[in-house]
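One-letter residues, chain by chain:
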Amino acid sequence: MKFNTKTIHGNQEPDKAYGSVMPPIYQTTTYAQTTPGGHKGYEYSRSANPTRTALENAFASIENGTHAMAFGSGLAAIDAVLKLLKSGDEVISTNDLYGGTYRLFTKIFEGFGIKFHFVGMENASNIEAYINTNTKLIWVETPTNPMMNIIDIKAAALVANKHNILLAVDNTFATPYLQQPLDLGADIVMHSATKYLGGHSDVVMGALVVKDKGLADRLYFIQNASGAVCGPQDSFLVLRGIKTLHIRMQRHCENGKAVAEYLRRHPKIETVYWPGFEDHPNHDIAKAQMKDFGGMVSFTTKGNNYAEAINIVEKLKIFTLAESLGGVESLAGHPASMTHASIPKEAREKTGVVDSLIRLSVGIEDEEDLIADLKQAIG
Ligand code: P1T
């Protein structure tokens, strides 16, 4: 089955009771048993729920995995991966990444004795220098949030395999429409399904997908034991969202390209970060591992003026000033004061998250309206 068919039919069957094409929302916590242990595969909705199972099956299908788990948020999914580790273990992570992920690593898991190395992985050979016998996990975000750096997943997988270290890829920005990390050698794919998978800015959710039964069993144990699951209504909504992922992504990519090219021509703009530009430092890797370049675009203004950046995001009308990304509607954010405020100024400026940086999640509206909106806001 090819990708566009998988988003609609992958691992899905009509419901067994009445043949409903979409799974019912099984709004129940528990399931009747005829005798202790005598049930139909479901006993308590933290452990499993049929609507969530339908969604988890869809996650596995679109990421070319064998097992998937849905969580109450993207961070809950990342939290579950980190719980595979123990005190004394070390993690090598992309240095430019979502601020909340950085906060979870440094403010929660460092306190439990896990050590993190934040490394510029644009050249995957940089990873090797940080590996020692305690290294248990390589955490890759690509494209990175918000600088749109591209990490070579295949090259990172080669390093991880050589040293028998798990490789996890946060595939939130790309989605499986653009890249499928498990096929490139990753062990775990993670999503903030809040973003493109849900696609309509109405659900907070996370996902993990793997292709190894042993790893799936360990993660399922954590999902059930820690309990950060999502509910059946949210599962239904994200399953519905996935069915249009391919056509939404196609338009996100077209509009992203138009916006990136417009901004690049604008005399007040300093730098536009978008992997589709031929002079993007890892454009060749993006071209090789992604089908297209996505709908996320970041840029800075000339003079790197904080007040000017704030003025621009406040003036936008079609782009809503808001955290998050990946919904049908266009959003604009100011990472330094919003999504990445939890990263110390010094650390974020090192990766390029300067005061004038603006991040756009380009939606699927008409391209002309989006460009006109940017024009009136930037001046
Ligand atoms: O918000 P949540 O569903 O918990 O997902 C966290 C997360 C993980 N990984 C990436 C790459 C993300 O972008 C996010 C969430 N990001 C935002 C809310 C944001 O505006 O960047």
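As named in an unreviewed UniProt entry, the protein is Cystathionine gamma-synthase, taken from Gelidibacter salicanalis. Recorded in UniProt under Sequence similarities (unreviewed entry), the annotation for the protein is "Belongs to the trans-sulfuration enzymes family." UniProt annotates the protein under Cofactor (unreviewed entry) with the comment "pyridoxal 5'-phosphate".

I tried to follow the UniProt feature "modified residue: N6-(pyridoxal phosphate)lysine" (unreviewed entry) in the protein on my own but got confused; where do I start?
Mapped onto this numbering, the UniProt entry annotates "modified residue: N6-(pyridoxal phosphate)lysine" (unreviewed entry) at K195. Tracing the sequence through the fold places K195 in the loop between β6 (188-192) and β7 (206-210). Apart from residues lying up to four places away in sequence, K195 is in contact with T172, S324, L325 and G326.

Help me understand the pairing of strand β3 (residues 115-119) in this model?
Two faces make up the sheet, and in a regular strand the side chains alternate between them. The pairing of strand β2 (residues 90-94) with β3 spans 5 bridges and is classified as parallel. Residue pairing across strands places E90 opposite K115, the latter belonging to β3. The β-α-β motif built from β2, the intervening helix α4 (residues 99-109) and the parallel element β3 has right-handed crossover chirality.

What's the story with the packing of aromatic side chains in this structure? I'm lost.
A complete count under the given rule lists 10 aromatic pairs for this structure. Seen in terms of ring centroids, F116 and F118 are 6.2 Å apart; in terms of plane orientation they differ by 15°. Their pairing is stacked. Residue class for F118 comes out partly exposed when judged on its relative accessible area of 26%. Each member of the aromatic cluster is reached from another via a ring pair, and the members are Y102, F105, F116, F118 and W139. Sitting over the face of the ring of F277, R264 holds its NZ or CZ atom 3.9 Å from the ring centroid.

Just to check I follow, could you spell out a negative patch on the surface for this structure?
A contiguous patch of negative charge on the surface is contributed by D366, E367, E368 and D369. Here E367 lies in helix α14 (residues 367-378).

I'm lost on the site of the ligand in this one. Help?
With respect to spatial proximity, 18 residues lie near the ligand, and among them D170, S192, T194, S324 and R359 are the closest. In isolation the ligand offers 480 Å² of accessible surface; the protein chains occlude 93% of this area. Listed by contribution, the elements that provide at least two residues to the shell around the ligand are α3 (74-82) and β6. Considered class by class, the residues forming the shell around the ligand number 5 nonpolar, 8 polar and 5 charged. Looking at which domains feed residues into the shell around the ligand, each of domain 1 (3-242) and domain 2 (246-378) supplies at least three.

Where do I start with the sheet that holds β2 in this structure?
By way of backbone hydrogen bonds, the strands of a sheet pair with one another, either parallel or antiparallel. Taken in spatial order, the 7 strands of this open sheet run β1-β7-β6-β5-β4-β2-β3, and their pairing is mixed. In the strand order of this sheet, the two ends are held by β1 (67-71) and β3, each with one partner. Adjacent strand axes in the sheet meet at a mean angle of 20°, parallel and antiparallel pairs treated alike. As paired elements, strand β5 (residues 166-170) and β6 share 3 bridges and run parallel to each other. By the bridge assignment for β6, A168 is matched with I188. On the sheet, α4 packs against β2, β3 and β4 (135-141) and is oriented at approximately 150° with respect to β3. Strand contacts of helix α8 (residues 213-226): β1, β5, β6 and β7, with the helix running at about 20° to β1, the strand carrying the most contacts.

When you look at the nonpolar core in this model, what are you seeing that I'm missing?
Note that soluble globular proteins tend to have their nonpolar side chains buried in a common cluster. One finds F59, M205, L263, L360 and L374 to be the most contacted residues of the largest nonpolar core, which totals 62 residues. When residues in this core are grouped by element, the largest group, 8 residues, is from helix α10 (residues 245-265). Split by domain, this core shows at least three residues from each of two domains, domain 1 (3-242) and domain 2 (246-378). Filtering out sequence-adjacent residues up to four positions away, L360 remains in contact with V259, L263, G295, M296, V297, F299, F319, L331, A332 and L374. Core analysis: the next-biggest nonpolar cluster, separate from the first, contains 31 residues, F109, F116, I188 and M190 among them.

I tried to follow α3 on my own but got confused; where do I start?
Note: α-helices contain 3.6 residues per turn, so residues at a spacing of three or four share the same orientation. The buried count for α3 comes to 8 of 9 residues, which makes it a mostly enclosed element. All of the buried residues along α3 are G74, A76, A77, I78, D79, A80, V81 and L82.

What am I meant to see in the sheet that holds strand β10 (residues 320-321) here?
Here 5 strands make up an open sheet; going across it, the order is β8-β9-β12-β11-β10 and the pairing mixed. The sheet is open, and its two borders are formed by β8 (269-273) and β10, each paired with just one other strand. As paired elements, strand β11 (residues 331-333) and strand β12 (residues 358-361) share 3 bridges and run antiparallel to each other. Looking at the pairing, A332 lines up with L360 of β12. Its contacts with the sheet put helix α12 (residues 306-315) on β9 (296-301), β10, β11 and β12, and the angle it makes with β12 is roughly 25°.

Cut-offs and rules
- Residues numbered from 1 in each chain as written.
- Predicted model: local features only at pLDDT ≥ 70, side-chain atom pairs only at ≥ 80, totals over all residues.
- Heavy atoms only, no water.
- UniProt positions renumbered as here; feature names shortened; annotations may be inferred.
- Helix = DSSP H or I, 4+ residues; strand = E, 2+ residues; numbered from the N terminus.
- Contact = heavy atoms within 4.5 Å.
- Pairing = 2+ DSSP bridges.
- Right-handed = clockwise from strand over helix to strand, strands pointing away.
- Phe/Tyr/Trp six-rings, centres within 6.5 Å; stacked < 30°, edge-to-face > 60°.
- Buried < 20%, exposed > 50% of the residue type's maximum accessible area, 1.4 Å probe, protein only.
- Lys NZ or Arg CZ within 6 Å of the ring centre and 35° of its normal.
- Patch = residues over 30% accessible without salt bridge, like charges linked within 9 Å, V, L, I, M, F, W, Y side chains within 5 Å.
- Areas by Shrake-Rupley, 256 points an atom, 1.4 Å probe, with all protein chains shown as cover.
- Salt bridge = Lys/Arg side-chain N within 4 Å of Asp/Glu carboxyl O.
- Lys, Arg positive; Asp, Glu negative; His and termini not counted.
- Charge placed at Lys NZ, Arg CZ, Asp CG, Glu CD.
- Near = heavy atom within 4 Å.
- Nonpolar A, V, L, I, M, F, W, Y, C, P; charged D, E, K, R; others polar.
- Domains from an automatic or database assignment.
- Axes fitted to C-alpha atoms, helices over the stretch in contact; angles between N-to-C directions.
- Core = buried A, V, L, I, M, F, W, Y, C linked by side-chain atoms within 4.5 Å.

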